[in-house]
Amino acid sequence: MPPSALVFDSGVGAISIAREIRALLPGLTLHFGIDNGFYPYGTRSEEALRPRIVAQARRMMAATAADILVVGCNTASTLALPQLREVLAQPVVGVVPAIKPAAAATRSRTIALVATEGTVNRNYTRDLIEQFADGNRVINVPAPELVRLAEAKLRGETITADDLEPVLARIFHTAGGDRVDIAVLACTHFPLLRDELDRYAPRPIQWLDSGAAIARRVRWWLDELQLALPDTPGPSQLLTSAPDTDGRIQQAFAEFAPSPATTT
Ligand code: DGL
């Protein structure tokens, strides 16, 4: 079997991460583990979410026999990385908010952290800010509606200025918002809306996510495991935790040409 990674998320956020991995490592076979039965993660309690993530990711890793687990979800990573590493024999790469690179790049010393409610309120995220924000101001922007809008976009809907206005107001029209020069997109659904965020923002800023860093980390692990990649990847498997009744998940992931969704 060619080397493979399983990209895990509650929904289409896995796509923003998978695109970065595919661009850097075109020969790596990508499988998708989508916990649609528990979507959205961002508003779930930590007590409910942690065991759920571990159980689903574990089952999906076993079903695909992937070499690496990529947690393509900030809400899941900031909650369950240690537990996942404990139960899995394979390396676990987890996406976490890009606070450190944002702190290094901001000139106005003001960063917006745009994420799910779960990620914004997490101790993990607070620690990350404390350790890496380097004294820069961080404005927390919970944006659960962007998760829904990203799902809608991937299903063919058009996202309008009115759709984004409430989130943009929370970034720009809040205390210190006039100084924001970088917004950290700390939910993997959000880079899927980068074009729209750029288009409708009141002024240009940088929208920063962790996708490229995750892809580099996956490459590091492939080297470490001494797994050489073929020129072209093998077929992708698409696993869902609840049936993809209307075929929309299948459709959203079409660019990776996965096998018909299998419910685990
Ligand atoms: N894509 C997930 C993340 O990165 C969250 C989406 C959800 O709320 O389910 O945080």
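These lines cover the structure that appears in this document, whether it is placed above or below.

What counts as what
- Residues numbered from 1 in each chain as written.
- Predicted model: local features only at pLDDT ≥ 70, side-chain atom pairs only at ≥ 80, totals over all residues.
- Heavy atoms only, no water.
- Helix = DSSP H or I, 4+ residues; strand = E, 2+ residues; numbered from the N terminus.
- 1 Å grid on protein atoms, 1.4 Å probe; cavity = no way out; pocket = protein on both sides within 12 Å on 5 of 7 lines; lining within 4 Å.
- Points joined across faces, edges and corners; volume = space filled by probe spheres on them.
- Nonpolar A, V, L, I, M, F, W, Y, C, P; charged D, E, K, R; others polar.

1. So, the environment of arginine 248
Next up, step 1: Mapped onto the secondary structure, arginine 248 falls in helix H11 (residues 248–252).
Next up, step 2: Along the backbone, arginine 248 and glutamate 117 are 131 residues apart, and their C-alpha atoms lie at a distance of 25 Å.

2. Concerning empty space enclosed by the protein
Picture a little ball the size of a water molecule; that probe, rolled over the atoms, points out where space is still empty.
Next up, step 1: As enumerated under the stated definition, the model contains two cavities of 30 Å³ or more in all.
Next up, step 2: Counted as a void, the largest cavity has a volume near 60 Å³.
Next up, step 3: Forming the boundary of the largest cavity are Asp9, Ser10, Pro40, Tyr41, Gly42, Cys73, Thr75, Thr116, Val147, Cys187, Thr188 and His189.
Next up, step 4: Of the residues that constitute the lining of the largest cavity, the class distribution is five nonpolar, six polar and one charged.
Next up, step 5: Approximately 40 Å³ is the volume attributed to the second largest cavity.
Next up, step 6: If you trace the second largest cavity, you find it lined by Ser16, Ile17, Asn74, Val95, Leu185, Cys187, Thr188, Pro191, Asp209, Ser210 and Gly211.
Next up, step 7: Counted by class, the lining of the second largest cavity contains five nonpolar, five polar and one charged residues.

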